[in-house]
Amino acid sequence: MPVVNRIADYATDMTKWRQHLHTIPELGLECPKTAAFVAERLREFGVDELHEGIAQTGLVAIINGRGAGETIGLRADMDGLPIPEETGVDYASTHAGKMHACGHDGHTTMLLGAARYLAETRNFSGRVALIFQPAEENGGGADVMVREGIMDRFDISQVYALHNAPGFEAGGFYTTPGALMAAVDTFTVHIQGVGGHGAMPHETRDPVMAACGIAQAVQTIVSRNHRALDDLVVSVTQIHTGTVDNVIPDTAYLNGTIRTFDPAVQKMVMERMAQIVAGQAASYGVEATLDYEVGYPATINDADKAAFAVGVASEVAGDAKVQGDSGREMGAEDFSYMLQERPGAYLFLGQGDSAGLHHPKYNFNDEIAPVGASFFARIVETAQPVE
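Computed from a prediction, not measured in an experiment: that's the story for all the values here. (Residues numbered from 1 in each chain as written. Predicted model: local features only at pLDDT ≥ 70, side-chain atom pairs only at ≥ 80, totals over all residues. Heavy atoms only, no water.)

Student: Let's hear about the overall build of the chain: which residues, and what values?
Tutor: A tally of helices and strands in the chain yields 11 helices and 16 strands. Projected onto its principal axes, the C-alpha coordinates of the chain cover approximately 80 × 45 × 40 Å. Counting all 387 residues of the chain, 54% fall into the buried class. For the chain, restricting intrachain contacts to residue pairs at least 6 apart in sequence, the fraction spanning at least 24 positions comes to 82%. About 15,700 Å² of surface is accessible on the chain, with carbon and sulfur atoms providing 49% of the total. Where the 26 positive side-chain charges of the chain centre and where its 50 negative ones centre are 3 Å apart. (Helix = DSSP H or I, 4+ residues; strand = E, 2+ residues; numbered from the N terminus. Buried < 20%, exposed > 50% of the residue type's maximum accessible area, 1.4 Å probe, protein only. Contact = heavy atoms within 4.5 Å. Areas by Shrake-Rupley, 256 points an atom, 1.4 Å probe, with all protein chains shown as cover. Lys, Arg positive; Asp, Glu negative; His and termini not counted. Charge placed at Lys NZ, Arg CZ, Asp CG, Glu CD.)

Student: So what about the layout of surface pockets? Which residues, and what values?
Tutor: Of the volumes computed, that of the largest pocket is approximately 1,000 Å³. Taken together, 40 residues form the lining of the largest pocket, with Glu137, Val184, Arg259, Tyr296 and His358 sitting closest to its centre. Of all the secondary-structure elements, those providing two or more residues to the lining of the largest pocket are helix H5 (141–147), strand E5 (156–166), strand E8 (183–192), strand E10 (232–241), strand E12 (251–260), strand E13 (287–294) and strand E16 (344–352). Residue classes in the lining of the largest pocket are distributed as 17 nonpolar, 14 polar and 9 charged. (1 Å grid on protein atoms, 1.4 Å probe; cavity = no way out; pocket = protein on both sides within 12 Å on 5 of 7 lines; lining within 4 Å. Points joined across faces, edges and corners; volume = space filled by probe spheres on them. Nonpolar A, V, L, I, M, F, W, Y, C, P; charged D, E, K, R; others polar.)

Student: Give a detailed account of the pairing of E8, specifying residues and quantitative values.
Tutor: Most of E8 is tucked away: 7 of the 10 residues are buried. Pairing between E8 and E13: 8 bridges, direction antiparallel. Note that in E13 the partner of Thr188 across the bridge is Asp291. (Pairing = 2+ DSSP bridges.)

Student: I'd love a proper account of the nonpolar core, names of residues and values included.
Tutor: One recurring pattern in soluble globular proteins is that nonpolar side chains are buried together. With 59 residues, the main nonpolar core has Leu42, Leu74, Leu130, Phe132, Phe173 and Phe375 as its most contacted residues. Not counting residues within four places of it along the chain, the set of residues in contact with Leu130 comprises Leu42, Leu59, Val60, Ala61, Ile63, Leu74, Leu111 and Ala115. Counting 29 residues, the second-largest nonpolar core is a separate cluster that includes Ala142, Ile150, Phe168 and Tyr296. (Core = buried A, V, L, I, M, F, W, Y, C linked by side-chain atoms within 4.5 Å.)

Student: Would you mind going over helix H7 (residues 207–224) in detail, with residue names and values included?
Tutor: One turn of an α-helix holds 3.6 residues; hence residues three or four places apart share an orientation. The end-to-end C-alpha separation of H7 is 25 Å, in line with the 26 Å expected for 18 residues at 1.5 Å each. Residues of H7 that are buried: Pro207, Ala210, Ala211, Gly213, Ile214, Ala215, Ala217, Val218 and Ile221. Structurally, H7 contributes buried residues whose contacts are with E8, E10, strand E11 (247–248), E12 and helix H8 (263–284). Where H7 begins, the capping side chain belongs to Asp206, and its oxygen is found 2.8 Å from the backbone nitrogen of Val208. (Expected span 1.5 Å × (residues − 1). Polar contact = N/O pair within 3.5 Å; in protein donor to acceptor, adjacent residues only side chain to side chain.)

Student: Please give an account of the packing of helix H9 (residues 303–317) against helix H11 (residues 369–383) that cites residues and values.
Tutor: A pair of packed helices is captured by two measures, namely the crossing angle of their axes and the spacing between those axes. Where H9 meets H11, the axes come as close as 9 Å, and the angle between the chain directions of the two elements is 125°. Between H9 and H11, the interaxial angle falls into the category oblique. The handedness of the crossing between H9 and H11 is right-handed. Contacts between H9 and H11 pair Phe308, Ala309, Val312, Ala313, Glu315 and Val316 from the former with Val371, Ser374, Phe375, Arg378, Ile379, Thr382 and Ala383 from the latter. Across the contact of H9 with H11, the residue classes tally to 9 nonpolar, 2 polar and 2 charged. (Axes fitted to C-alpha atoms, helices over the stretch in contact; angles between N-to-C directions. Parallel < 35°, antiparallel > 145°, perpendicular 65-115°, else oblique. Left-handed = near helix turned anticlockwise from the far one by under 90°.)

Put into structure tokens, the structure is as follows:
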């Protein structure tokens, strides 16, 4: 079964939808223009129920099939990123300093294409719940929607999502059973020293040197405190301090990210980081405060649902373009919260050659939208055929 022919007929419309969404990127939970556009399309398609204002600007639309059955959830994220766009396309962002640099405009479009087809054909039993989620990039919109009760409220039994993948063959799919993406935590260290003249460092307690010491020391967590076969990333991504060349500042700030799969490894990192920050602060004679923020949990596919989704993807794209055991990676995704509540699977859809995700020159490949929409539609039709 290739791309659904009827969905292929929507390709021109889907490109228009996607490129319009690309012009209006919004951040976090505040996606009112995007949500309004999505709601307008869903009403045009004739969905049976439309529930707005979930997680502030999220939506859930219900389409009833032709007989009794369970409710399958399909999710797309809607938010953009605080990145100035450099694509040069004629439909570039009209919101200064914001852009769709991760393809969520495409994800939303793919789910809209599936919604149009499913509302038109209804060649399935039970119901489908179309979940349009804000704040994937920052704010944990999936967690908010789950805490606001969407899984129980709409009686969702299983849930699926897609993400585009630059550098992977356009229209191909990959995923893996079990753990697919890592848990993500954030650490911030605030250092208070005593500043002074750069020519008289003996009169100061230098926060710059303390920041450098902490940045280097936390790398030993990976190299010396954990088993080499356990996946772990600790990355210092920011150090901010100082103003001019001849003044030692009073304060410094450093920040970074931690990626894990095993809660025991995560706990070890938290403990060691607290010890390192305290020890380094004492050795440099400064005060240092560690803020450790636990973020999105690991994204863990249900093995049976992942195998089912791989089968559907193979029908849409062909066996040669689908990898069902691609291994796990250290990126993170808040769809993990939905997978904690219901069995399901998260897959990547190849975008072809393009700038990478979160790059100012990234742009979603409109040619893959009918592929993703067909996958979503066939998930529903295959899981719950009309009897």
